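Structural overview
Each chain, written out:
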Amino acid sequence: MLELHNISLERNKVKTLSDINLTINEGETVVLTGPSGCGKSTIIRIALGLIRPQVGEVWFEGVNLNALSAEQIRKKRKKMGIVFQEFQLLEHFTVLENVLLALWEGDRKLKKAEEALKSVGLWEKRKRYPRQLSGGEKQRVGIARALALDPDIIFWDEPTAALDPMYVNEILRIMASLAQNKTMFVVTHEMPFALKVANRLVLMETGHIVEEGPPEKIFSHPSSYLGIMYRERLLDTKEALSKLAGEEAGL
Amino acid sequence: MIEEELLAPLFFLGFDFGTVTYQLRASIDSAIIVTKGGSLVRKGFNTDLASVIILEISLLIVVLLMAGHGFAYYVQRGLDDLVGGKDYQVVAQVDKQETNNFVAALQETYKGREGFRYRVGKVLGDKIHILIGFGDQDLKNGALDEVTKLISPLPGYAGLALLLDPAVLVRGIPSEVYPGLIKEINTWPETRYAAKGPMGLYVVAKERKKLGTIENKLVKVTSPYYLWEVDLKAKTNQEAALIRENIDKILQGKKHWYLTSPIEGVVGDAVRLLKGYSSKLVFNDQIPVGAELVLSNQKLKIGSKPSTQFKARVFTDGIYLTKGDSLQLTGKENAYLLDGTGRLTKKLPGFELESPRKDLEIWQPVTDISELKTSAQELAEKIRQGEDFSLLLRDIEQLAKKQSLKVPDEIKSKLELLILWDRIGKLPTNIRTELADKILDWVKAMPADPLMKLKESLPSWSDEDITRSWRDLESVSQEKFLRVVTTETALPNIEGLVSKPAAEVREDIKSQIGEVVGGVVPLAALAVAVILFWIFTALDHTLWGSYLVMKNNFFAPLWGWLLGLLELSAVVLVMPYDTNMLVKIIYILSGAIGSAFIITLSNRISPINSKSIEAGEALGLSKAELFRQVIVPDGRPGLWQLYNRGKLLSLRRFRNA
Ligand SMILES: Nc1ncnc2c1ncn2[C@@H]1O[C@H](COP(=O)(O)OP(=O)(O)OP(=O)(O)O)[C@@H](O)[C@H]1O
Ligand SMILES: [Mg+2]
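What counts, and where the lines are drawn
Residues numbered from 1 in each chain as written. Chains lettered and ligands numbered in written order. Predicted model: local features only at pLDDT ≥ 70, side-chain atom pairs only at ≥ 80, totals over all residues. Heavy atoms only, no water. Helix = DSSP H or I, 4+ residues; strand = E, 2+ residues; numbered from the N terminus. Buried < 20%, exposed > 50% of the residue type's maximum accessible area, 1.4 Å probe, protein only. Contact = heavy atoms within 4.5 Å. Expected span 1.5 Å × (residues − 1). Pairing = 2+ DSSP bridges. Near = heavy atom within 4 Å. Polar contact = N/O pair within 3.5 Å; in protein donor to acceptor, adjacent residues only side chain to side chain. Areas by Shrake-Rupley, 256 points an atom, 1.4 Å probe, with all protein chains shown as cover. Buried area = accessible area lost by both parts, 1.4 Å probe. Salt bridge = Lys/Arg side-chain N within 4 Å of Asp/Glu carboxyl O. Nonpolar A, V, L, I, M, F, W, Y, C, P; charged D, E, K, R; others polar. Patch = residues over 30% accessible without salt bridge, like charges linked within 9 Å, V, L, I, M, F, W, Y side chains within 5 Å. pLDDT = per-residue confidence, 0-100. Phe/Tyr/Trp six-rings, centres within 6.5 Å; stacked < 30°, edge-to-face > 60°. Lys NZ or Arg CZ within 6 Å of the ring centre and 35° of its normal. Axes fitted to C-alpha atoms, helices over the stretch in contact; angles between N-to-C directions. Parallel < 35°, antiparallel > 145°, perpendicular 65-115°, else oblique. Left-handed = near helix turned anticlockwise from the far one by under 90°.

Looking now at the overall build of chain A. In terms of helices and strands, chain A carries nine helices and 10 strands. Taken over 251 residues, chain A has a buried fraction of 52%. Counted over contacts in chain A with a minimum sequence separation of 6, partners at least 24 positions apart contribute 65%.

What follows is the structure, encoded as structure tokens:
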């Protein structure tokens, strides 16, 4: 469905991405992770056609985006959904209007927005403005906005990073349920989520991919320093959880 | 077609194309190249931008017209109370407490005169300004010429000034030829009326911008009149008389008018008075100016060199006794003409004797000279302290008028310039001190004290003394030139004689003030209005500018420049005042440069949220929609936002779909 071939990008003479190859097949959920500033968001931007790479090609549904005009890329983008870390809702529109924004030019169906908002449980609050919502609710609006387009693929750029821990699971749960019948490309640091939901895990460092494979494999036999680090992190959480579970059992 | 759409407002406003079109097209082309897909120039967005620009221009024009008319109504009206506007030609200063009496007398004086009007204007100090206007026909018939004569005896009168605007003043042409000139000038389409006034011939234009045409035409119609001038300063009286005789001979039978500069003020009063006591002889024959006559009871022999009791001399304004006592003159004497060597050349026919000696006790100088000096000192002080020059000119003229003095040309011409300089803030340093000193010098130079003595000693004087006195006075106060206006073109061979066009044609000083008041001042007010409003709209453009800058579009300043050029050009087209080309160009260029500058600074003035833009783009919004839904509603409030309201996403439109 989405293929990135030999993508390289230089910004202000600094190499942001070098020789990235990545394929996301239909129905797959791919999780991308890596330290801050390594180029994760940039990859999403390139996939969406917001940035043109200097080297390499982006193929979406069998079409090379590089060969398309800006207008054609824009049309393609209607088949892609994106959820941002900081929600990016427009403050001057209500919840419903924010969701409708994506449908504004397409086949203006109010129904789709309604479905999307209901699926994240926010139809009741459709008349509120973003400032009247909690962080978790805002992100659910962000998700509804992406879903309203009925996209072929959804990009998630650290959707839980800006949230209070109490809202994180709420969002992860929605993501996990969406993953069952959507193609998703998820940038996140939530390793338990990766382990549970991802078909494939991609580890990145300073502009290049260091390791890629099924999460179970990476977490059990990491082949890179980054892999070891993420495994540690996962184990820490697991240990803590089991410890908590043990204490609970002991009581 | 895209370009056409963008240029449509320019066509609509009748904008002059050429290079602008070329630049615009070039920049559109390059913008398309830069953005590869041509996303910069797409229909929806262009329509929005063009609409906003048209909206801005329309509002700018409304603001401009409002400022212009508001100015004309509020400010100009206040000024008109002082300077009369276009409906009044004369402003009379009147003692405040005499206002009612003056007005009653004024109405009585001009009762039944068609078009006569007056308005009681502003009070300045203890004087009130009464504005007086006449019908055009009345003006053509000489209403201005007689206004001083008619108004000055009215109660409370303290002086008057003409306020002819816009007007050209012609000086130096003999008033005898005015009627013919006026008749011709009144047939010109540019002329509102031409009239004789105290300073010369006034030609009032229908429109200010026609003044130039009128000036040119006046130079042409007055071109047959030449002024012959001989500097007599280095000549003896004998030589001067000879020159005069020569000129007389040459101009015999041809049109010519000697100019004696009128002696003004206290000196003038004295001279006129003294002449009134001198015996004036009136002959039927024309006798050349400068000639000497002998009067005798006996019959004298032609060719002889007599010594007689009575002698007389021909002056430009008449023949006066220069020797003997007029009380002993009977008017029955024989009169003979003398040649240069003192011999009798010809017997003249009889004469009449005018103005026998009157009672000398009556004469009082019009003013007390010490009072005049005090006023002058006060005036000098005001000048030093920075009083407005147009007020100063009024003061000075008032002072001079009151004393029936003439403001020296040197001071006056300086002042005329200074008013304008002062208004535009270009006053040379030290000019005020210099001017104040000049005025004090002028007052010092006035023969004040000798005149007072003269008054005391008059009763004991003989005719000879009196004649000598006025001649002395005349010679100290008169310019040392022999001047004659003539239509003769052939220049005679007289040493030191210069010929030049007689007419001095230029815009009247009051009219110049009118121009300043009616032109520069409102223009300044307009400029402020335009600049403020333009900044407001330019801020609007920063929304767009911010976007361009964010997109690293290096054409942003060029777009800003074009936008400013376009908007200010449209405004300049409808400016309600006659503005000269340079000012217009300055408006346009400063608009363009300012716009370019503001657009360059856009992201500081109206920062836009690049994340919202990215979100909009990621959702697949077109550029037009990005502006309508994200950038404009998110940005600074302004016209664009107002206009954009109708474009905002609305639920209603979803339901209908
Ligand atoms: N508009 C830009 N211009 C130039 N450099 C940029 C720009 N945006 C990002 N970068 C640089 O590109 C690199 C990759 O940025 P990117 O946002 O893709 O990182 P990231 O992996 O998403 O980090 P994070 O986890 O903090 O979101 C960083 O070094 C960043 O400084
Ligand atoms: Mg990121």
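A separate point is the overall build of chain B. A tally of helices and strands in chain B yields 24 helices and 19 strands. For chain B, contacts bridging at least 24 residues in sequence account for 75% of all contacts bridging at least 6.

Residues spaced three or four apart along an α-helix point in a common direction, a consequence of the helix completing one turn every 3.6 residues. For helix α18 (residues 556–573) of chain B, spanning 18 residues, the distance from its first C-alpha to its last is 26 Å, which sits close to the expected 26 Å at 1.5 Å a residue. Taken across its 18 residues, α18(B) has 14 buried, putting it largely inside the fold.

All names here are of chain A. Strand order in the open sheet formed by four strands is β2-β1-β4-β5, and the pairing between neighbours is antiparallel. The sheet terminates laterally at β2 (14–24) and β5 (63–64), the two strands that pair on one side only. Two elements, strand β4 (residues 55–60) and β5, share two bridges in a ladder whose sense is antiparallel. Bridging from a neighbouring strand, F60 pairs with V63 of β5.

Time to look at the site of ligand 1. Residues and elements named next belong to chain A. In the vicinity of ligand 1, the contacting residues are R11, N12, T16, S36, G37, C38, G39, K40, S41, T42 and E158. Note that a nitrogen atom of ligand 1 is positioned 3.3 Å from one of the side-chain N or O atoms of R11. The separation between an oxygen atom of ligand 1 and a polar side-chain atom of S41 is 2.6 Å. With the chains in place, 59% of the 640 Å² that ligand 1 exposes on its own is no longer accessible. Of the residues forming the shell around ligand 1, the biggest block, three residues, is contributed by helix α1 (residues 40–48).

Right, let's talk about the interface of chain B and chain A for a bit. Listed by partner, the interface residues are 27 residues for chain B and 28 residues for chain A. Where chain B abuts chain A, roughly 2700 Å² becomes buried across the two surfaces, and 68% of that area is made up of carbon and sulfur atoms. In this assembly, chain B and chain A are joined by two salt bridges. Here chain B is connected to chain A by five residue pairs in polar contact (both at pLDDT 80 or more). Elements supplying a minimum of two residues to the side of chain B that touches chain A: α21 (610–618), α22 (623–634) and α24 (651–656) of chain B. Across the side of chain B that touches chain A, the residue classes break down as 11 nonpolar, seven polar and nine charged.

So, about a nonpolar patch on the surface. All names here are of chain B. Judged by side-chain polarity, L55, L59, V62 and M66 come together as a nonpolar surface patch covering roughly 320 Å² of accessible area. Note on placement: M66 falls in helix α3 (residues 43–83). Classification of M66 by relative accessible area gives exposed; the value is 55%.

What follows concerns the pairing of β2(A). In regular strands, side chains alternate between the two faces of the sheet. Residues and elements named next belong to chain A. Examined bridge by bridge, strand β1 (residues 2–11) and β2 share seven bridges and lie antiparallel to one another. In the strand pairing of β2, L2 is matched with I24. Joining the antiparallel neighbours β1 and β2 is a turn of two residues, in which N12 adopts a positive phi near 50°.

All names here are of chain B. Residues of chain B with pLDDT of at least 70 account for 72%, and the chain-wide mean is 75. Segment residues 1–42 is flagged for pLDDT under 50; beyond a separation of four residues in sequence, or across chains, it makes 56 contacts in the model. Of the regions scoring below 50 in pLDDT, residues 447–452 engages in nine contacts with residues more than four places distant in sequence or in other chains.

Going through the model one piece at a time under the given rule, you end up with 14 aromatic pairs over all chains. Put simply, the rings of F45(B), W544(B), Y547(B), W559(B), F627(B) and W640(B) pair up and form one aromatic cluster. Its guanidinium or amino end placed over the ring of W123(A), R126(A) lies 4.2 Å from that ring's centre, counting from NZ or CZ. In this arrangement the basic side chain of K623(B) is found over the ring face of F45(B), its NZ or CZ atom lying 4.3 Å from the centre.

Even without being a glycine, D150(A) presents a positive backbone phi close to 55°. For D150(A), the location among the structural elements is in the loop between α5 (135–148) and β7 (153–157).

Attention now goes to the packing of α21(B) against α22(B). The relative placement of two packed helices comes down to the angle between their axes together with the axis-to-axis distance. All names here are of chain B. In the contact formed by α21 and α22, the axes pass within 10 Å of each other and the chain directions differ by 170°. As the angle between them shows, α21 and α22 are arranged roughly antiparallel. Crossing angle aside, the handedness with which α21 passes α22 is right-handed. Along the contact surface, α21 presents S612, I613, G616 and E617, while α22 presents L626, V630, I631 and D634. Per-class residue counts for the contact of α21 with α22 are four nonpolar, two polar and two charged.

Below, the discussion takes up the sheet that holds strand β4 (residues 157–162) of chain B. Residues and elements named next belong to chain B. Here four strands make up an open sheet; going across it, the order is β2-β3-β1-β4 and the pairing antiparallel. Two strands in the sheet have a free side with no partner beyond their single neighbour: β2 (117–124) and β4. Looking at each pair of strands side by side, their axes are set apart by 25° on average, direction ignored. Relative to strand β3 (residues 127–133), β2 runs antiparallel, the two being bridged by six bridges. Bridging across to β3, V120 finds its partner in I130. The sheet contacts of helix α4 (residues 99–109) involve β1 (90–95), β2, β3 and β4, and relative to β3 the element is tilted by about 15°. Sheet strands in contact with helix α6 (residues 143–151) are β1, β3 and β4, and its direction is about 170° off that of β4.

Moving on, we come to the pattern of salt bridges. Two side chains carrying opposite charge are able to pair once their charged atoms lie near each other. All names here are of chain B. One pass over the full model with this rule turns up 29 salt bridges over all chains. In this structure, E507 and R208 form a salt bridge, with 3.1 Å as the shortest nitrogen-oxygen distance. With a gap of 299 residues between them, E507 in strand β19 (residues 504–507) and R208 in the loop between β7 (200–205) and α8 (211–221) connect regions that are remote in the sequence. Among the ionic pairs, R483 bridges to E229, the shortest N-O distance being 2.5 Å. Taken together, the residues span a long stretch of sequence, with R483 in strand β17 (residues 481–486) and E229 in strand β8 (residues 226–231) at a distance of 254 residues. Summarising the burial analysis for this pair, R483 and E229 share the class buried. Connected through shared salt-bridge partners, D48, E625, R628 and K647 make up one network.

Our focus in this paragraph is the pairing of strand β3 (residues 29–33) of chain A. Residue and element names in this part refer to chain A. β3 sits mainly inside the fold: five of its five residues count as buried. Burial along β3 is two-sided: T29, V31 and T33 facing one way and V30 and L32 facing the other are all buried. Examined bridge by bridge, β3 and strand β8 (residues 183–187) share four bridges and lie parallel to one another. Considered in β8, the bridge of V31 is made with V186. Of the pairings in the sheet, the one linking β3 to strand β9 (residues 200–205) comprises four bridges and is parallel in character. Note that in β9 the partner of L32 across the bridge is V202.

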